[in-house]
Amino acid sequence: MNFAIPNFLPAAAEIFVAVMVLLSLLLTTFVRERQSARALGYGLAQISLLGACVIVVVVMPSQAVLTFSDLFIADSLAGFLKLMILFAVIVSLLYGRDYLAVRKMDRPEFFMLVQLMALGMMVLVGANHMLTVYIGLEMMSLPLYALIAFDRDNARATEAAMKYFVLGSLASGMLLYGMSMVYGATGTMDLSVLMDAASRGIGVAPESRLVLAFGLVFLVCGIAFKLGIAPFHMWVPDVYQGAPTAVTLLIAGAPKLAALGMAMRLLAFGMADLMVHWQHMLIVLAVASIVLGNLAAIVQTNIKRMLAYSGISHMGFVLLALLSARWIGSEQTAGDAFALLGLQPLPLTVNAYSAALFYAVAYVVMTLAAFGTIVLLSRSGFEADTLEDFKGLNRRSRWFAGMMMFTMLSMAGIPFFVGFIAKLAVLQAVVQAGGYWLAVLAVVMSVIGAFYYLRVVKVMYFDAPQSEEALVASPDVRFLLSVNGIGIAVLGLAPQWLLDMCLQALPVALS
Amino acid sequence: MTAATQLPLLSLAIWIPILGAILILAADRKLQNDATVRKLALLVSVLGFAVTLPLFFQFDRLSAQMQFVEQAHWIERFLVTYHLGVDGISMLFVLLNSLITVLVVVAGWRVIQDNVAQYMAAFLIMSGLMNGIFAALDGLLFYVFFEASLIPLYLIIGIWGGPNRVYAAIKFFLYTLAGSLPMLLALIYLYSKSGSFSILVWHQLPLSATEQMWIFLGFLLGFAVKVPMWPVHTWLPDAHVEAPTGGSVVLAAIALKLGAYGFLRFSLPVTPDASMAFAPLMITLSLIAVVYIGLVALVQKDMKKLVAYSSISHMGFVTLGFFMFNRLGVEGALVQMISHGFVSGAMFLCIGVLYDRLHSREIADYGGVVARMPKFAALFMLFSMANAGLPGTSGFVGEFMVILGAVQFNFWTAVVAATTLVLGAAYTLWMYKRVIFGQVANERVAALDDIDRREFAFLAVLALCVLAMGLYPYPLTEVMHASVEQLLAQVGVGKISPVLP
């Protein structure tokens, strides 16, 4: 039996993080003093994540590289998503550090779990095989369950973790079931093989197509669960609210990017042949999420819950972008588009997928700022997560009220903020693909959505403060939040580079 | 006039107020001194106005082309450019807006004691954004300014407004957003057809009748809410009543013009055939606004509400002028817009002067003010006359031109439109009579002081504008001729080639 040593280089970042996890596990046990052990755990985690960023950039291949018997792929999409994921995790940790310290949750194990979660996400977006997808997904989810329940005495958090675990396992089960059907129909789980399965003559028999379509349904269910898409969204509000805010940051940020990566690997790559089918499913899911997310968010008084529902609708927008990869409706009619200037429009797939990537990144940036503000306002033993807590923030701190206003307006899609560019990217992709009624629906729901974002602005600016207490957050949280808020405005004013990155992130295979 | 050696005047007109506002916000924490903040705000607004003056004097009146053009890449992914320029239609509004901003800053001088820096900054930012709306030649840039200008006004109404301000602010925001998002879809559709966001490209873009209809409706929703046209006008009285004086002034003088301007910049030239087809509807809605809203204004008990309804009625005149597609109508409507900017601004400032003293806007709380405030009564009289369309004031010129245009178009339309002269006089002068003349109503009125130098200054500036425009409107109409001719030629040709049998 031949044994070839695989090419480890494409997975260098993942290997580095894995080694660092073990290293910090080892090192922190030898540090006697509690305080320094904690600092060490935190420091090592940040070093490992930052180091992974550097490695991702350094080893980024110019074209897709497969390794580990084609289980793992390193391409521009994986590189881009890994960078964004690591960035989101680093920011989440920076925001959460004080919060964790005050609640005595900053034990070294916490940071190790976070690293493992990051590792899982990196594996997930670099999957070229359904098994790798599954491994990555579980490696991301299991640490998350533990992180939510990390504060053992917190009944709410434990309940949230339990709920997330049970539903998450169900979703994983569905995903596995779908994978097994795909395997049954085609005899392979290799995504790059599946991508052009039809042209290779795999799984083209009518009965295989039927099984494939069934498998696809289960895959889509699993993806929808991880993205938090209605009607698989039940866990989102409870988990967001129940989890300590520092952990909510970790759930609401990076995993959305990982889930988008998973959706693109499974659907855009693996199920490219069945795009007609998954497009129709995604239309239903996207419409359901946008409608339900926006309507349910209106009645929330807890900001974390409100942001959860708003996140559901934002993920609906991401799906809107994904499903625009193909002409919506019967037959393409707008053949004369762009004719006037003699320009060639981007292919629908490129336009759509890059819009989805941009939207997801923009959403993560906004969501980090929003939860960052909640962290900023919270004090020891007190969560500032209701609308009441934001009352009169303008009087307490004009600067941070401004930052939160930027975030809320950006989420509402008001111009000069990144959220507007993101909405524009998605809407133009939908219109380009001829989905006019979808665009109209999205726009109508955006108006409804604007109401609850405006309410936060109203509470901060128009109401009298409940307490005149100064904010107690540490300087680095303040600094980070300022950067984050200004970033939202700057990205809205100069979005070109990020839009370009999202375009370049798409591998050749997808265009 | 070589463009290369020119200062980027339009960019300056947009960014001086915005950057000045940021500076004020930053300086406020250091200074902790409201007097300095006010002076700084005045300086910025005067500077902002000064840079717009060359626009008027260096303007080439014979050309229908865009002038003072600036172009730069902005978002290449969607081919959005930072493309600015003004023609005879938009240039005057940049001036009007910058002037009104100066007056608003002065008007808020003493009244606003709370959050002065934020108040001034909000107005300055809004001024810059509004200049951007009028100067944008890129559809998306236009939209960006159009939407972003909601934010400062929302805050102005919500923070410094009256008792019911939260309701009014949110209603204002959501109404306008609901209108403008369909407009965004129309813009995106045009982009997907043409591959460009350039308005000038869209003017040439061939579109089928069905496409034009949907695009027109998208634009209509956006602009009709902003104008506001009957029946989507209900946000305006609420916003006006709750807004602080400065907010009302900007709302009436500038914000209402945005919708009407949008019709001229987008609806008419981009969808000429649909505009023709929808003209009967638009004219009907305009006439309803003129007559019905005029009647509504008659029965108002609140002065601000009365002027708000009178604004809607006057704006009905503007949309009426646009959709008759003759030069008198369009130019008359444009003159009416400028005039209404001055007159309604002045009316709200006058009401503000009274409100600052008595903290009431109810007509019934006043009476016999002339005995205590003769100077004020004289100025208020002038503005009321202008609002009623008295010859010699600016209000007359625009209304007269539109009515003349209407006679050319259809006699009965003209008859209905002309009722505004009666109604306008009725509601404005009746209010004037009840507030200013008669017995001194109560001891609070008896204790009134006449306007001081500051108040006199800003009212006098407006009075001069109103009179100058009324007596010699030629410099204004001269600017418009070429652009309006070209616009009407575009609309006349249409975009659908006649189908051969």
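This one's a predicted model, so the numbers in the text were calculated from it and none came from an experiment. (Residues numbered from 1 in each chain as written. Chains lettered and ligands numbered in written order. Predicted model: local features only at pLDDT ≥ 70, side-chain atom pairs only at ≥ 80, totals over all residues. Heavy atoms only, no water.)

Draft legend 1. Looking closely at the overall build of chain A. Along the backbone of chain A there are 21 helices and 2 strands. Whereas a compact globule of 511 residues would reach a radius of gyration of roughly 24 Å, chain A reaches 22 Å, a difference of no more than 12%. When its C-alpha atoms are laid out on the principal axes, chain A stretches across 70 × 60 × 40 Å. A fraction of 82% describes how many contacts in chain A between residues 6 or more apart in sequence connect residues 24 or more apart. Accessible surface computed for chain A: about 17,900 Å², of which carbon and sulfur atoms make up 67%. Considering chain A, the positive charge centre built from 28 side chains and the negative charge centre built from 27 side chains are found 7 Å apart. (Helix = DSSP H or I, 4+ residues; strand = E, 2+ residues; numbered from the N terminus. Rg over C-alpha atoms; globule rule 2.2 N^0.38 Å. Contact = heavy atoms within 4.5 Å. Areas by Shrake-Rupley, 256 points an atom, 1.4 Å probe, with all protein chains shown as cover. Lys, Arg positive; Asp, Glu negative; His and termini not counted. Charge placed at Lys NZ, Arg CZ, Asp CG, Glu CD.)

Draft legend 2. Spotlight on the environment of B:Arg265. Residue and element names in this part refer to chain B. You can see Arg265 is positioned in helix 11 (residues 245-270). Note on Arg265: relative accessible area 3%, which makes it buried. The contact partners of Arg265, leaving out residues within four places of it in the chain, are Met66, Asp87, Ser90, Ile199 and His203. A polar atom in the side chain of Arg265 sits 2.9 Å from the side chain of Asp87. (Buried < 20%, exposed > 50% of the residue type's maximum accessible area, 1.4 Å probe, protein only. Polar contact = N/O pair within 3.5 Å; in protein donor to acceptor, adjacent residues only side chain to side chain.)

Draft legend 3. Representation of the nonpolar core. Formed by 409 residues in total, the largest nonpolar core has its most connected members in A:Phe110, A:Met271, B:Phe376 and B:Phe383. No other element matches the 24 residues that helix 15 (residues 348-377) of chain A contributes to this core. With near-sequence residues (within four places) excluded, B:Phe376 lies in contact with B:Cys350, B:Val353, B:Leu354, B:Val369, B:Ile436, B:Asp450, B:Ile451 and B:Leu459. (Core = buried A, V, L, I, M, F, W, Y, C linked by side-chain atoms within 4.5 Å.)

Draft legend 4. Quick peek at the packing of aromatic side chains. Residues and elements named next belong to chain B. Enumeration over the complete set of coordinates arrives at 49 aromatic pairs over all chains. Between Phe142 and Phe146, the ring centres sit 5.4 Å apart and the planes meet at 25 degrees, which makes this aromatic pair stacked. Within this pair, Phe142 and its partner Phe146 are both found in helix 5 (residues 139-148), separated by 4 residues, close to a single helical turn. You'll find Phe142 and Phe146 in the same group, each marked buried. When the ring of Trp230 is compared with that of Tyr292, the centres are 6.4 Å apart and the planes differ by 75 degrees; the resulting orientation is edge-to-face. With Trp230 in the loop between helix 9 (209-226) and helix 10 (235-242) and Tyr292 in helix 12 (residues 272-298), the pair connects residues that are 62 residues apart, well separated along the chain. A relative accessible area of 42% places Tyr292 in the partly exposed class. The ring of Phe456 has Lys375 sitting right over it, with the charged end atom 5.8 Å from the ring centre. The aromatic ring of Trp430 is capped on one face by Arg434, whose charged end is 3.7 Å from the ring centroid. (Phe/Tyr/Trp six-rings, centres within 6.5 Å; stacked < 30°, edge-to-face > 60°. Lys NZ or Arg CZ within 6 Å of the ring centre and 35° of its normal.)

Draft legend 5. Highlighting the pairing of strand 1 (residues 67-75) of chain B. Residue and element names in this part refer to chain B. Here 6 bridges tie strand 1 to strand 2 (residues 80-86), and the two strands are oriented antiparallel to one another. Across the sheet, the residue bridging to His73 is Thr81, located in strand 2. Where strand 1 folds back onto strand 2 in an antiparallel hairpin, the turn is made up of 4 residues, including Leu79, whose phi is positive at roughly 55 degrees. (Pairing = 2+ DSSP bridges.)

Draft legend 6. A look at the interface of chain A and chain B. With 48 residues of chain A at the interface, the matching set in chain B holds 49 residues. For the chain A and chain B pair, buried surface summed over both sides reaches about 4,200 Å², with 74% attributable to carbon and sulfur atoms. A per-residue breakdown of the area chain A buries against chain B is headed by A:Arg398, A:Phe416 and A:Phe462, which together make up 17% of the total. For the pair chain A and chain B, the interface holds 0 salt bridges. Our count for the contact surface shared by chain A and chain B stands at 8 residue pairs in polar contact (both at pLDDT 80 or more). Secondary structure elements with two or more residues in the side of chain A that touches chain B: helix 15, helix 16 (393-396), helix 17 (398-412), helix 18 (418-432), helix 19 (436-462), helix 20 (475-493) and helix 21 (496-504) of chain A. Ranked by residues supplied to the side of chain A that touches chain B, first place goes to helix 19 of chain A with 13 residues. Grouping the constituent residues of the side of chain A that touches chain B by class yields 36 nonpolar, 8 polar and 4 charged. (Buried area = accessible area lost by both parts, 1.4 Å probe. Salt bridge = Lys/Arg side-chain N within 4 Å of Asp/Glu carboxyl O. Nonpolar A, V, L, I, M, F, W, Y, C, P; charged D, E, K, R; others polar.)

Draft legend 7. How the structure looks around the confidence of the model for chain B. Of the residues in chain B, 98% have a pLDDT of 70 or more, and the chain-wide mean is 86. In the model output, the complex is listed with pTM 0.91 alongside ipTM 0.88. (pLDDT = per-residue confidence, 0-100.)

Draft legend 8. How the structure looks around the packing of helix 17 of chain A against helix 20 of chain A. Residue and element names in this part refer to chain A. Remark: helix 17 packs on helix 20, axes separated minimally by 9 Å, with the N-to-C direction vectors making an angle of 40 degrees. Relative to helix 20, the element helix 17 is oriented oblique. The way helix 17 lies across helix 20 gives a crossing that is left-handed. Of the residues in helix 20, those in contact with Trp399, Phe400, Met403, Phe406, Thr407 and Ser410 of helix 17 are Arg478, Leu481, Ser482, Gly485, Ile486, Ile488 and Ala489. (Axes fitted to C-alpha atoms, helices over the stretch in contact; angles between N-to-C directions. Parallel < 35°, antiparallel > 145°, perpendicular 65-115°, else oblique. Left-handed = near helix turned anticlockwise from the far one by under 90°.)

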